[in-house]
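# Overview (structure and organization)
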Amino acid sequence: MARATGAHAQLLGAFETAYGTAPGGTFHTLPFVSCDLGSQQPLEASDVLGLGRDPAPPSRDVITAEGQVTVPVDLRSIGFWLKGLFGAPTTTGTGPYIHAFTSGADTLPSLALEIGHPQVPRYFLNLGVLVNSLRLGWAPSGKANATLAVIAQGETDAAASSGGMPTSPAFQRFHQFQGRIRKDGAALANITAAELTYANNLDPVRVIRDDGKIEGADLGVASCTGNLAARFADMVLLDAATDGTAMALEFAWVIDADRSLTIALPSVFLPKPRIPITGPAGIEARFDWQAAKPDSGGFVTVTLKNDVASY
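Keep in mind that this is a model prediction, so the values were computed, not measured.

What follows concerns the environment of V205. Counting through the fold element by element, V205 comes out in strand β17 (residues 203-205). Sequence separation between V205 and Q153 is 52 residues, and the spatial gap between their C-alpha atoms is 9.9 Å. Residues within four places of V205 in sequence aside, it is in contact with I214, E215, G216, A217 and D218.

Attention now goes to the pairing of strand β9 (residues 97-102). Summarising the sheet, strand β8 (residues 90-92) and β9 pair through three bridges and their orientation is antiparallel. Its bridge partner being in β9, T91 is matched across the sheet by H99. Following β8, the chain reverses through four residues before pairing antiparallel with β9; G93 in that reversal takes a positive phi of roughly 90°. Pairing of β9 with strand β23 (residues 301-306), which is carried by six bridges, proceeds in the antiparallel orientation. From the neighbouring strand, I98 faces β23, where its bridge partner is K305.

A few words on the packing of aromatic side chains. All told, the structure shown has nine aromatic pairs when counted by the stated rule. Centre to centre, the rings of F80 and W81 are 5.4 Å apart; their planes meet at 85°, and the pair counts as edge-to-face. Pair check on accessibility: F80 and W81 agree, each one buried. Grouping aromatic residues by their ring pairs yields a cluster made of W138, F174, F251, W253 and W289.

What counts, and where the lines are drawn
- As a convention, each chain's residues are numbered from 1 in the sequence order in which they are written.
- Residue-level local features of this predicted model are given only where pLDDT is at least 70; pairs of side-chain atoms are given and counted only at 80 or more, and the full residue set underlies all totals for whole chains, interfaces and linings.
- To obtain the side-chain values, all non-hydrogen atoms of the structure were included, while hydrogens and water were left out.
- Numbering of helices and strands runs from the N terminus; a helix is a DSSP stretch of H or I covering at least four residues, while a strand is a stretch of E covering at least two.
- Contacts were defined at the residue level, with two residues in contact if any of their heavy atoms lie within 4.5 Å.
- Strand pairing is assigned whenever DSSP identifies at least 2 bridges connecting the two strands.
- Side-chain rings of Phe, Tyr and Trp (the six-membered ring for Trp) are treated as a pair once their centres are within 6.5 Å; stacked means planes under 30 degrees apart, edge-to-face means over 60, and tilted covers the remaining angles.
- Only protein chains enter the area calculation, which uses a 1.4 Å probe; residues under 20% of their type maximum are buried, those over 50% are exposed, and those in between are partly exposed.

Spelled out as C-alpha cells, the structure:
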C-alpha cells in the first residue's frame, strides 16, 4: 500500500468566478514549501448532567478552514498569490510584461486550492479561499520564501483531482543574494535582515447555516508593517526615526532588467529604538516600521516584471 509523502504532494490553484463555487477552468500547478490549509471541526465536551459520572457523547463545533501556505518567491507563480492578495494587476508592456498590483481594492478574488496526495489517492479541494496576509523576508543569503495566511469557506475531498490538466509555468526562484533595499531612491547600507508583512485583516462572517461554513470574509483596514535590522554605522535611519518624518522604502529582488519583483512603500515611519550593546561584536539596532497612506498615490505598490502575459 502506498503512503502519502510530502515529496509527492501537489498544490493546484484557480480563481473562482463565484465565491465558494468550484471553477470550471484550468487549474495551475503551484510550487510550495509547506502547507497546512485544511478544514477542521473540533469537539465540545458534553455538559449534560443526570446520566451518571461517565460522560455523554461530545458535540461538534463549527467548521473552520484556514491555514498557512509557504511558497518560494519565484518569477511567475508569485503573481498568482499577489492577485489573491491585492486583486488583478494593471499590466503593461509586450515582453517583458509589467504587472502592477496596488492596495486599496474594495473586493478581492476568491481562489480554489486543491491539495493532492496521488499515492492514496485523495484530493482535498478548498473553496472560497481568500488571502489574508503575505509575509516576506530579506537576508544576505539563503532562499526567498513567502508565507501566506489564507481563509477558506470549506473543504471537500475526492478520490480524483478537480484540477483537470493543470498548467505548469517554468519555475525560476528569486534568491536572497539578488535582494536590495532602498530609502528615498538610494541604496540603504548596513542592513543585515528585513521583514515585511502586508495584511488585509479579513473578518470571517459566521452566520447561522446548516453546513457550519462561513458566509465569506469582510475586508478590514489594511496594514503593512515590518522591521529592519541594521549595523550601527551611521545616523541615516536613526535620524529618520528621531525626526518622525515619513520616508519611502523599496524592497526588491532583481535578476536582471526584465525579471524583478519590487515592493514600493512611499510613506514609512520608524520608531526610535534602543541601541543595545551585548558584547564586543558589532552593534545592531532594530527598527519596527509601519507604512501609512501618503497624501497622494497608493499605499503599497508591487511591481512584477516577467514573461507572463496576464494574471
